[in-house]
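Fold and contact review
One-letter residues, chain by chain:
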Amino acid sequence: MAKRAKRAKTETLALPVAGRVAIGAMAAAALGYGLLPRPASIQPTKKSTAHQVLALSTPAPARTPTPVHVPVPVPAPVSAPVSIPSPRIETPKAAVAPARLDRQVVDYVSHQTPGTVVIDTENTFLYLVLNDGQAMRYGIGVGREGFTWSGEQTVARKTAWPDWRPPSEMISRQPYLPRFMAGGPGNPLGARAMYLGETEYRIHGTNKPDTIGKRVSSGCIRLTNDDVMDLYERVKIGAKVIVLPATSAHRSSPGTPPDAAFQTPDQASPSQRS
């Protein structure tokens, strides 16, 4: 009996000691756990439903970007310069030749061979005989007082857009003239020229159509460029040219060197010509 009581007392004393040891171990473990770094909180993973998977696999519709309005600075209005109308200048109108000087077929009784040229110096007409009853009539410009002539010649040669070399007699009176001028629209001989015999007289065009019907040349016969081109195609080399005398003008020999076709009137008297 005494032994059992002693054992029970021993067990009773041992239990508190074991409990104390256990409590101390637990306290040490808790202290060590508190000193350890705490892991980040882990969020619980949610299971994706079928609708969520479908929504993730389907691309989201593109969103239309909202236009951004950037203010643009408006320049200040600039007053336009006030245009002052220039004074009107009346353009001088070109002289219109009388209708009688237009190229036309007329009745003309002649016994000359068709193709013959007859120059009526007095009335400023040139006739190209077509047959024994008709002729083509052209308005012409003729030599001024002291530079007319009459007689017969033939067409020795023809030239398109001829060059111009003023004769020495013209240069002696008008030394400012060029010694040579190439053919072209500005040339005084115009678009065509038909040279008469061995003289320096010619039937030619002009760059001044307002001189047709007047006495301004130095003996040559001039036509408008349109008319001289028409005549140029009709007249043959070797054709006869008859220059009728002018009743109111000084007559000189066709062999006298002329002053070609320069447009400027020359006031030289007949005695100054060679």
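Notes on the structure in this doc start here. In this numbering scheme, every chain counts its residues from 1 along its sequence in written order. A pLDDT threshold of at least 70 governs which residues receive local features in this predicted model, and a stricter bar of 80 or more applies before side-chain atom pairs are shown or counted, although totals over entire chains, interfaces and linings include all residues. For the side-chain quantities, the full set of heavy atoms in the structure was used; hydrogens and water were omitted.

Some points on the overall build of the chain
Each helix and strand in the chain was counted, giving 4 helices and 13 strands. A simple rule labels every residue: compare its accessible area, found with a 1.4 Å probe on the protein chains alone, to the largest value its type can have, and call it buried under 20%, exposed over 50%, or partly exposed in between. Going through the 274 residues of the chain one by one, you find that 34% of them count as buried. The contact criterion used throughout is that any non-hydrogen atoms of two residues lie within 4.5 Å. A separation threshold of at least 6 residues defines the contact pool for the chain, and within that pool the share at least 24 residues apart is 66%. Working note: accessible area of the chain is about 18600 Å², and carbon and sulfur atoms make up 61% of it. A run of H or I in DSSP becomes a helix once it reaches four residues, and a run of E becomes a strand once it reaches two; helices and strands are each numbered from the N terminus. Accessible surface area values rest on a Shrake-Rupley calculation with a 1.4 Å probe, where residue burial reflects the displayed protein chains alone.

Remarks on helix α4 (residues 225-234)
Along α4, the positions that sit buried rather than exposed are Asp227, Val228, Asp230, Leu231 and Tyr232. Buried residues along α4 sit against β3 (125-129), β4 (134-139), β7 (151-160), β8 (192-196) and β9 (202-204).

Structural notes on the side chain of Asp120
Here Asp120 lies in strand β2 (residues 117-120). What Asp120 contacts, discounting residues up to four positions off in sequence, is Phe125, Tyr127 and Leu244.

Notes on the sheet that holds β4
Judged by pairing direction, the sheet is mixed, and its 9 strands sit side by side in the order β1-β4-β3-β2-β12-β7-β8-β9-β11 without closing on themselves. Every interior strand has two partners, whereas the edge strands, β1 (104-107) and β11 (221-222), have only one. Of the pairings in the sheet, the one linking β2 to strand β12 (residues 240-244) comprises 4 bridges and is parallel in character. Bridge pairing in β12 places Asp120 opposite Leu244. Helix axes are fitted only over the stretch in contact, all axes being lines through C-alpha atoms; the angle between N-to-C directions runs from 0 to 180 degrees. On the sheet, α4 packs against β3, β4, β7, β8 and β9 and is oriented at approximately 55 degrees with respect to β8. For two strands to be treated as a pair, DSSP must find no fewer than two bridges joining them.

As for the layout of surface pockets
Its volume calculated, the second largest pocket comes out at about 170 Å³. Around the second largest pocket, the lining residues are Arg157, Asp163, Trp164, Arg165, Tyr195, Gly197, Thr199, Glu200 and Arg202. Gly is placed with the polar residues, together with every amino acid not listed as nonpolar (Ala, Val, Leu, Ile, Met, Phe, Trp, Tyr, Cys and Pro) or charged (Asp, Glu, Lys and Arg). Residue composition of the lining of the second largest pocket, grouped by class: 2 nonpolar, 2 polar and 5 charged. A pocket here means an open set of points on a 1 Å grid, computed over the protein atoms alone, that has protein on both sides within 12 Å along at least five of seven lines. A cavity is instead a set of points where a 1.4 Å probe fits but cannot get out; residues with an atom within 4 Å of a point line either one. Grid points are joined across faces, edges and corners, and a volume is the space filled by probe spheres set on the points.

Description of unusual backbone geometry
Positive phi values are uncommon outside glycine, yet Thr124 reaches one of about 55 degrees. On the secondary structure map, Thr124 appears in the loop between β2 and β3. We classify Thr124 as buried; its relative accessible area is 2%. For Trp161, which is not glycine, the phi dihedral falls at a positive 45 degrees.

Quick word on the packing of aromatic side chains
Ring pairs are drawn from Phe, Tyr and Trp, using the six-membered ring of Trp, whenever the two centres fall within 6.5 Å, and their geometry is named by plane angle: stacked under 30 degrees, edge-to-face over 60, tilted for the rest. As enumerated under the stated definition, the model contains 3 aromatic pairs in all. Taking 6.1 Å as the distance between ring centres and 65 degrees as the angle between the ring planes, the aromatic pair formed by Phe125 and Tyr127 counts as edge-to-face. Accessibility classification places Phe125 together with Tyr127 in one group, the buried group. Following the ring pairs from residue to residue traces out a cluster consisting of Tyr108, Phe125 and Tyr127. We call a charge positioned over a ring when the NZ of a Lys or the CZ of an Arg lies within 6 Å of the ring centre and within 35 degrees of the ring normal. Across from the ring centre of Tyr232, 4.5 Å away, lies the NZ or CZ of Lys158, which sits over that ring.

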